[in-house]
Each structure stands twice: as C-alpha cells, then as structure tokens.
Amino acid sequence: MTLYDKLTDQELACKIKQGEKKAFHELYCRYAPRVYKFAMSYLKNKGDSDEIVQNTFLKIWEKKERLNDKQNIKSFIFKVGVNIIYDFIRKKNIEKAYSDYLRLNFTLDENYTWHSVVYEEMQQNLQCLLSQMPEQQRKVFYLSKFEGLTNEEIARKLDLSKRTVENHLYRSITFLKKRILEKSIVPLSCVT
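These numbers come from a predicted model, not from an experiment.

**Q** Break down the side chain of Gln137 for me, citing the residues and quoting the values.
**A** Residue position: Gln137 is located in helix α6 (residues 135-145). Setting aside residues no more than four positions away along its own chain, Gln137 makes contact with His168, Arg171 and Ser172.

**Q** Quick one: what's the story with the packing of aromatic side chains, residue by residue and with numbers?
**A** All chains considered together, the criterion is met by six aromatic pairs. Seen from their ring centres, Phe24 and Phe57 are 6.2 Å apart, and the 70° between their planes marks the pair as edge-to-face. Here Phe57 lies in helix α3 (residues 46-62) and Phe24 lies in helix α2 (residues 21-43), a separation of 33 residues in the sequence. Taken individually, Phe24 and Phe57 each receive the classification buried, so the pair is uniform in this respect. Of the aromatic side chains, those joined through ring pairs into one cluster are Phe24, Tyr28, Phe57 and Trp61.

**Q** Quick one: what's the story with the nonpolar core, residue by residue and with numbers?
**A** For soluble globular proteins, the rule of thumb is that nonpolar side chains tend to be buried together. Phe57, Ile77 and Leu176 are the most contacted members of the largest nonpolar core, which totals 44 residues. Of all the secondary-structure elements, those providing two or more residues to this core are α1 (9-17), α2, α3, α4 (73-105), α5 (112-132), α6, α7 (151-158) and α8 (162-183). Considering each element in turn, this core owes the most residues, 11 residues, to α4. Look past the residues within four positions of Phe57 in its chain and what remains in contact with it is Phe24, Leu27, Tyr28, Tyr31, Ala32, Val35 and Ile77.

**Q** How would you sum up the pattern of salt bridges? Please name residues and give values.
**A** The final tally for this structure, using the stated rule, is nine salt bridges. One salt bridge in this structure joins Lys139 and Glu135, with 3.3 Å as the shortest N-O distance. Taken as a pair, Lys139 and Glu135 lie in helix α6 at a separation of four residues, close to a single helical turn. We note a salt bridge from Glu166 to Lys162, for which the minimum N-O separation is 3.9 Å. One end of the pair is Glu166 and the other is Lys162, both in helix α8 and four residues apart, which spans about a single turn. Its relative accessible area of 38% is what places Lys162 among the partly exposed residues.

**Q** Give a description of the environment of Tyr31 that names residues and reports values.
**A** Examined against the element boundaries, Tyr31 turns out to sit in helix α2. By relative accessible area, which is 5% here, Tyr31 ends up buried. Separated by 22 residues in sequence, Tyr31 and Val53 have C-alpha atoms that sit 9.2 Å apart. Excluding residues that lie within four positions of it along the chain, Tyr31 makes contacts with Asp9, Phe57, Lys74, Ile77 and Phe78.

Parameters and conventions
- Residues numbered from 1 in each chain as written.
- Predicted model: local features only at pLDDT ≥ 70, side-chain atom pairs only at ≥ 80, totals over all residues.
- Heavy atoms only, no water.
- Helix = DSSP H or I, 4+ residues; strand = E, 2+ residues; numbered from the N terminus.
- Contact = heavy atoms within 4.5 Å.
- Phe/Tyr/Trp six-rings, centres within 6.5 Å; stacked < 30°, edge-to-face > 60°.
- Buried < 20%, exposed > 50% of the residue type's maximum accessible area, 1.4 Å probe, protein only.
- Core = buried A, V, L, I, M, F, W, Y, C linked by side-chain atoms within 4.5 Å.
- Salt bridge = Lys/Arg side-chain N within 4 Å of Asp/Glu carboxyl O.

Geometry only, nothing functional implied.
Below, the structure written as structure tokens:
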C-alpha cells in the first residue's frame with residue numbers, strides 16, 4: 001500500500017495535473033488493465049491492445065493540464081481510449097483498402113514507389129481533414145464509412161435523430177470532397 005493507492009480518482013487527477021508521476025503511475029495501475037480489456041474486445045489482438053493502452057495513457061499525460069478533478073476520470077480515460085481505438089481502426093482500414101486497391105489494379109513491375117508516395121500523402125491528408133471536422137460529425141462519418149453502420153444504427157448509438165445523422169454525413173462528405181480536391185498532388189484529370 002502506498003499513499004497514492006488510497007487517493008480517489010479526483011485526488012489523483014489533481015496531483016497528476018501538478019505533474020506528480022507517482023500519482024500518474026497509480027492511475028495507470030488502476031485503469032490500464034481495464035483499457036486493455038476494452039481494446040481487446042474491439043481489436044482481438046494483444047499487441048494492438050497494448051499499443052492502445054500505451055497511447056491512451058501517453059495522451060492523458062500529455063494533456064494532464066486539462067484534467068478536471070470534478071469530472072469522472074474513468075469516463076475521461078475511456079473516452080480518450082475510444083478515440084484512439086477509432087483512429088487505429090480507421091488507419092488499419094485505410095491501409096487495407098489501399099493494399100487491396102494496389103493488389104487488384106497494379107502489377108509488381110509498375111512504379112511501386114510512386115504509388116506509395118501518393119498513398120502516404122492521401123492518408124496524411126485524410127487524417128488531417130478528419131481532425132478538422134467537429135467531433136460529432138467525425139464520429140458519424142467514421143461509424144458510417146469505416147464501421148459500415150446504417151444511419152438508423154448511428155442515430156441510436158449516438159442518441160441523435162436520423163435527420164441529424166444525415167446532415168452530419170452530408171456535411172462531412174462535402175467538406176472532404178472540397179478539401180481533397182484542393183490538397184491532392186495528383187490532378188484529377190490524370191485519374192482514369
């Protein structure tokens with residue numbers, strides 16, 4: 001038993017906000033196994049789940065000044081974890097889609113380096129653009145396009161009306177189309 005394991009989550013948050021590493025270690029010990037179990041339920045992979053745990057707590061430490069000792073710290077930790085899981089899944093889906101696209105559309109003797117450069121630029125642009133969307137709009141887009149949920153399912157999951165979901169999707173797609181055309185290094189006239 002240490003002094004820190006007797007503290008409440010809110011007391012730990014207050015100490016972490018002040019930069020106390022031992023308090024952060026205690027918070028990690030309390031919640032890392034739960035975050036791991038939660039990540040495993042989505043990812044079904046030990047290595048990926050370990051990475052989610054590390055990234056979750058790294059993000060919390062980096063943003064420790066924003067901790068609020070009046071908020072539910074457990075909920076905050078899981079919200080950070082969920083966002084990291086979404087980002088992880090989105091990245092994996094993009095990589096898989098591009099890999100499938102290359103496999104189906106190009107032979108090995110074609111210019112792999114050029115396609116890799118284009119893919120990396122597309123992926124960076126997409127991540128950047130998604131991060132610029134309002135949070136709710138980004139969640140709706142992700143659930144629709146990356147998880148394949150219907151508008152009704154998204155509405156239930158996020159406690160929104162179906163019409164609100166449709167508006168978020170329309171706005172996110174319009175936003176992405178406009179920004180992707182502006183940022184693309186490949187002129188659309190070259191794409192067949």
